[in-house]
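# A structural walkthrough
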Amino acid sequence: MERNSRTFRDIENQLTLTLLCTKLINKFSTTLIHSALYMISIFPYDVFISYSHHESDRKWVRQVLLPRLEKESVNVFIDFHDFHLGAPLVFEMTRAVEESKFTLAVLTPTYLKSKFAELETILAEHLGLENGQERLIAIMKEECKPRLGFRCRYWLDMTQENEFEENIQKLIHEIKS
């Protein structure tokens, strides 16, 4: 008889724990899902590149940075390839940030003037705060004075072309770690 009552208590305790977990998951499901994805690194993309569409910025990102990251098997989310045609831009920016382990901000004077780029970084910062994660990486491509949110972060200085190889290796290591 005692063995059966212990089994009943074990089942009762397990059911109580299951119900409690279910309530917690329902209450915090989005945060938990994002945290779990981040911790086990199950993201469709390693990095979303946030950049200015000014000609020189766009050219460097598409012809230098993107090919180099892809060569190292970094799975990159980039607007011209991954945004759905006809979809609202804000929804696509949100999807890019949520589906990528990191958002990579390419800092230039024109980037800092872009409201779309600012929104992408705010989304990444906010998601990181919600989930207790570092989701934003910044690289300084051209000398500029970023807003306080960037200045309080350590960014990768990529202003010197002769240091590109060393810096791209640091970036790739950070993205893949």
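Every chain begins its residue count from 1, and numbering advances along the sequence as written. In keeping with the model being predicted, local features are shown solely for residues with a pLDDT of at least 70 and side-chain atom pairs are shown and tallied solely at 80 or more, while totals for entire chains, interfaces and linings include all residues. Excluding hydrogens and water, the side-chain figures rest on all heavy atoms present in the structure.

### A word on the pairing of strand β1 (residues 45-50)
Summary of the burial criterion: residues with accessible area below 20% of their type's maximum are buried, those above 50% are exposed, and those between are partly exposed, where the area comes from a 1.4 Å probe applied to protein chains only. The secondary structure listing takes helices from DSSP runs of H or I that are at least 4 residues long and strands from runs of E that are at least 2 residues long, numbered from the N terminus. For β1, a buried count of five out of six residues is recorded, marking the element as mostly surrounded by other parts of the structure. In short, DSSP must find at least two bridges between two strands for them to pair. Pairing geometry for β1 and strand β2 (residues 76-77), over two bridges, is parallel. Looking at the pairing, Phe48 lines up with Phe77 of β2. Crossover handedness is defined here as right-handed if the route from the first strand over the helix to the second strand goes clockwise, with the strands pointing away from the viewer. Crossover handedness for the path β1 to helix α2 (residues 55-71) to β2: right-handed.

### A closer look at helix α8 (residues 164-176)
Between the first and last residue of a helix there are one fewer steps than residues, each counted as 1.5 Å, and that sum is the expected span. Look at α8: 18 Å from first C-alpha to last across 13 residues, which is about the 18 Å you get at 1.5 Å a residue. In what follows, a contact means two residues having at least one pair of non-hydrogen atoms within 4.5 Å. Tucked into the core, α8 has its buried residues touching β1, α2, β3 (100-107), β4 (136-140) and β5 (156-157).

### So, the sheet that holds β5
The sheet built from five strands is open, its strands ordered β2-β1-β3-β4-β5 with parallel pairing. The sheet terminates laterally at β2 and β5, the two strands that pair on one side only. Of the strand pairs in this sheet, β1 and β3 are connected by five bridges, and their pairing is parallel. The partner of Phe48 across the bridge, within β3, is Thr103.

### Overview of the packing of aromatic side chains
By convention, a stacked pair of Phe, Tyr or Trp rings (six-membered ring in the case of Trp) has centres within 6.5 Å and planes under 30 degrees apart, an edge-to-face pair has planes over 60 apart, and any other such pair is tilted. Applying the stated criterion across every chain yields a total of five aromatic pairs. Between Phe48 and Phe77 the ring centres are 5.6 Å apart and the planes differ by 90°, which places this aromatic pair in the edge-to-face class. In this pair, Phe48 sits in strand β1 while Phe77 sits in strand β2, placing the two residues 29 residues apart along the sequence. Taking relative accessible area as the criterion, Phe48 reaches 1% and is therefore assigned buried. Taking the relative accessible area as the measure of exposure, Phe77 reaches 0% and is therefore buried. An aromatic cluster is built from Tyr45, Phe48, Phe77 and Phe83, whose rings are joined through pairwise contacts.

### Some remarks on the pattern of salt bridges
What counts as a salt bridge is simple: a side-chain nitrogen of Lys or Arg found within 4 Å of a carboxyl oxygen of Asp or Glu. On inspection of all chains with the given rule, the structure shows nine salt bridges. The shortest N-O distance in the salt bridge between Arg95 and Glu92 comes to 2.7 Å. Linking Arg95 with Glu92, this pair stays in helix α4 (residues 89-98), spanning three residues, or about one helical turn. Of the two residues examined, Arg95 and Glu92, each falls in the buried class. One salt bridge connects Glu134 with Arg153, and the closest N-O pair in it is separated by 3.2 Å. Here the residue Glu134 occupies a position in the loop between α6 (115-131) and β4, and Arg153 occupies one in the loop between α7 (148-151) and β5, the gap between them amounting to 19 residues. Residue classification places Glu134 among the exposed positions, given a relative accessible area of 51%.

### Focus on the confidence of the model for the protein chain
Across the protein chain, pLDDT averages 84, with 77% of residues at or above 70. Mean pLDDT in the protein chain bottoms out at helix α1 (residues 2-40), which sits at 53, and peaks at β2, which reaches 98. Under a pLDDT of 50 for its full length, residues 1-6 has, in the predicted model, zero contacts with residues more than four places off or in other chains. What pLDDT conveys is the predictor's confidence in a given residue, as a value from 0 to 100.

### Description of the nonpolar core
In this description, a nonpolar core means a group of buried Ala, Val, Leu, Ile, Met, Phe, Trp, Tyr and Cys residues linked to one another through side-chain atoms lying within 4.5 Å. Counting 23 residues, the largest nonpolar core has Ile49, Leu65, Leu69, Ile139 and Leu171 as the members making the most contacts within it. Elements supplying a minimum of two residues to this core: β1, α2, β3, β4 and α8. Excluding residues that lie within four positions of it along the chain, Leu65 makes contacts with Ile49, Trp60, Leu104, Val106, Ile139, Ile168 and Leu171. Counting residues in each nonpolar core, the second largest holds 18 residues, with Met93, Val97, Ala117 and Cys144 among its members.

### Details of the pairing of β3
Within β3, eight of the eight residues are buried, which leaves it mostly tucked inside the rest of the structure. Where β3 lies against β4, five bridges are found, and the strand directions are parallel. Within β4, the residue paired with Ala105 across the bridge is Ala138.

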